[in-house]
Amino acid sequence: MTRSHANYSNIHPEVPRRRHLIIGAMFRAVGAYPSGWRYPGAHHDPHDDADVIRATALEAESAGLDYIFFGDWLATGPDLEFRDPYLAARIEPLSAVGFLAGVTSRIGLIATVNATYSDAYTLARISASIDRLSGGRLGLNIVTGAEPRAAANHGRDAHWGNEQRYDSAEELIDALRLLWDSWGEGALVADQESGTYLNPDRLHRANFRGEHHQVAGPLNVLRPIQGHVPLVHAGTSSRSRQLVHSRADLALLGLPGIAEAAVETATLGREVAAQGRDPQAVKTLTPVLPIIGWTVEEAWDIHDFLVSGVPVSPGPHDEREGFPDTRSLAALDDALGFSAAHFDLDAHVPAADAERFNPRGRHLLELVARRSGRVPDTQRPVRWRDLLVNHLVPYSVVVGTPAQVADYLQTWHEEGGVDGFNILTPYLGDQFGRFTRGVIPELRARGLFRDGYQGTTLRDHLGLAVPPNVHEQGGLLPGEKPSTADATVSAGVTG
């Protein structure tokens, strides 16, 4: 079936250890917080995205961040205005990183690609080209898609189920690596005197035949500078975890708390080792959305503004086209343990009602207090709106001064075991600058983030080794067992 390769210890023979935090910026043009685009002075018009992408990347590079990360979404609709405005209109990720390859010089450039709708040869060609044009700074975030509307946009009747999507994703990755390794050492001779340009013995065909992807090769682009472009993956299903353990270089983990993070990172290390890989070959990152003020009171005020601007409905049904039914107080029923639908959104939550909350509700109340300083029956009382919005916004949000944000990141690193963070910015404007010019110097002063770039490629930044060519050094991709020549030929693989 596929030439799919298995003992990953052959691909990463020596993984350099990285001592400092990995920190990257997740780019969302109109802000990661649903109401961020409404903040005074925030970038809010995608017509200006080119300027904002350039400015954000240069700011991130000036601060020494490891990468800038571009997500993706393959459909749009009026519902996104209320749910996630940043998804409604956005620059295609490979186009964005290609643009930045000529604008920046050191920062890594990670683009999201949807494996369900990708062609292996085309993606291998584009990614190898960008990696070479950028000096070895490309990374790919592999997703399988959660948007059912994407199917019709790509000529399909229905979005594939989870198992089929992951079968396709694993095949795509294996095909990419075989194609990236088409050009072995010495394949390009370019000897002007002898007139010899190629050594055909070093130019390798992929001959990959899977259920979802088939490609012959060789690739008509030289091997990426990084050998294999580093791969990122996020997800919680068993198939998602399997892909991380066997094929990813970075695991993007959404983690509810430090205790859960410690368990998850330790478990991931064991599961990676069970695949024959060095656990250090997979770096663990978690997304964090900091809301930063020069004083804690200023940070609370910014958070209050953002909470007040999130579109929510007082009743269970809203007449606005595409408005999600989950954006009303009825969404709190399970979280609190009783119905809050009859309360006014901006009414204060009495302490007597708060005492009726179930454990999840009390946890939500503590969350609101940490993020806003709001406590029932105090000078900063809790509103029902505060509970609803903090319940709906799924990110790990930290609100405070640069030192407090640095405390948060340090604790997650030291006690939760994560290698680094994908930084989400609530809105693009002064918030990103407060992170790069406030939090990053604080982390440097604590010895948690390096002074300047110590390498030239994204693999250098992440502490990842360059893999050997799988065609030439006995490398195996995940899932492949060593086989005889006859078995290989019968499986449709010729080398």
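Refer to the structure printed above.
Only a predicted model underlies this, so the values are computations on that prediction, with no experimental measurement involved. (Residues numbered from 1 in each chain as written. Predicted model: local features only at pLDDT ≥ 70, side-chain atom pairs only at ≥ 80, totals over all residues. Heavy atoms only, no water.)

Peer 1: An account of the overall build of the chain is requested, with residue identities and associated values reported.
Peer 2: Scanning the chain from terminus to terminus reveals 17 helices and 13 strands. Taking 495 residues into account, the globule formula puts the C-alpha radius of gyration at 23 Å, and the chain, at 24 Å, falls close to it. A principal-axis box enclosing the C-alpha atoms of the chain has dimensions of 85 × 50 × 45 Å. By the burial criterion, 57% of the 495 residues in the chain qualify as buried. In the chain, 78% of the contacts between residues at least 6 apart in sequence involve partners at least 24 apart. When the accessible surface of the chain is summed, it comes to about 20300 Å², and 51% of that surface belongs to carbon and sulfur atoms. (Helix = DSSP H or I, 4+ residues; strand = E, 2+ residues; numbered from the N terminus. Rg over C-alpha atoms; globule rule 2.2 N^0.38 Å. Buried < 20%, exposed > 50% of the residue type's maximum accessible area, 1.4 Å probe, protein only. Contact = heavy atoms within 4.5 Å. Areas by Shrake-Rupley, 256 points an atom, 1.4 Å probe, with all protein chains shown as cover.)

Peer 1: Lay out the environment of R125 in plain terms, naming residues and giving numbers.
Peer 2: Looking at the element boundaries, R125 is found in helix α4 (residues 120-133). R125 sits 328 residues away from Y453 along the chain, and the two C-alpha atoms are 28 Å apart. The contacts of R125, once residues within four sequence positions are left out, are L219, N220 and V221. Separated by 3.2 Å, the side chains of R125 and N220 make a polar contact. (Polar contact = N/O pair within 3.5 Å; in protein donor to acceptor, adjacent residues only side chain to side chain.)

Peer 1: How would you sum up the side chain of R247? Please name residues and give values.
Peer 2: Here R247 shows up in helix α7 (residues 238-247). A polar contact is formed between the side chain of R247 and the side chain of S246, at a distance of 2.8 Å.

Peer 1: Lay out helix α14 (residues 402-416) in plain terms, naming residues and giving numbers.
Peer 2: For α14, spanning 15 residues, the distance from its first C-alpha to its last is 20 Å, which sits close to the expected 21 Å at 1.5 Å a residue. Within α14 the residues assigned to the buried category are P402, V405, A406, L409, Q410, W412, H413 and G416. On its buried side, α14 packs onto α8 (258-274), β11 (283-292), β12 (397-400), β13 (420-424) and α15 (430-445). Trailing α14 by a residue or two, G417 shows a phi angle of about 80 degrees, which is positive. (Expected span 1.5 Å × (residues − 1).)

Peer 1: Outline the pairing of strand β1 (residues 22-27), supporting the account with residue identities and numerical values.
Peer 2: Counted residue by residue, β1 has 6 buried out of 6 residues, so it is predominantly covered. Alternating residues of β1 divide into I22, G24 and M26 and I23, A25 and F27, and every residue in both groups is buried. Examined bridge by bridge, β1 and β13 share 5 bridges and lie parallel to one another. Within the sheet, the bridge partner assigned to I22 lies in β13 and is G420. Note: β1 against strand β2 (residues 67-70), 4 bridges, orientation parallel. Looking at β2, one finds that A25 is bridged to I68. (Pairing = 2+ DSSP bridges.)

Peer 1: So what about empty space enclosed by the protein? Which residues, and what values?
Peer 2: Take a probe with the size of a water molecule and roll it over the atoms, and the empty space left behind shows itself. Applying the stated criterion across every chain yields a total of 3 cavities of 30 Å³ or more. Taken as a whole, the largest cavity spans an internal volume of roughly 100 Å³. Along its surface, the largest cavity is lined by F27, R28, A29, D49, I53, F70, G71, Y86, R90 and I91. The residue makeup of the lining of the largest cavity, split by class, is 6 nonpolar, 1 polar and 3 charged. (1 Å grid on protein atoms, 1.4 Å probe; cavity = no way out; pocket = protein on both sides within 12 Å on 5 of 7 lines; lining within 4 Å. Points joined across faces, edges and corners; volume = space filled by probe spheres on them. Nonpolar A, V, L, I, M, F, W, Y, C, P; charged D, E, K, R; others polar.)

Peer 1: Give me the lowdown on the packing of helix α9 (residues 296-309) against helix α12 (residues 359-372), citing residues and values where you can.
Peer 2: It is the contact of α9 with α12, at a shortest axis distance of 8 Å, that shows an interaxial angle of 125 degrees. On the basis of the axis angle, α9 is oblique to α12. Side by side, α9 and α12 meet where W300, H303 and D304 of the first sit next to R370, R371 and S372 of the second. Looking at the contact of α9 with α12 residue by residue, the class counts come to 1 nonpolar, 2 polar and 3 charged. (Axes fitted to C-alpha atoms, helices over the stretch in contact; angles between N-to-C directions. Parallel < 35°, antiparallel > 145°, perpendicular 65-115°, else oblique.)

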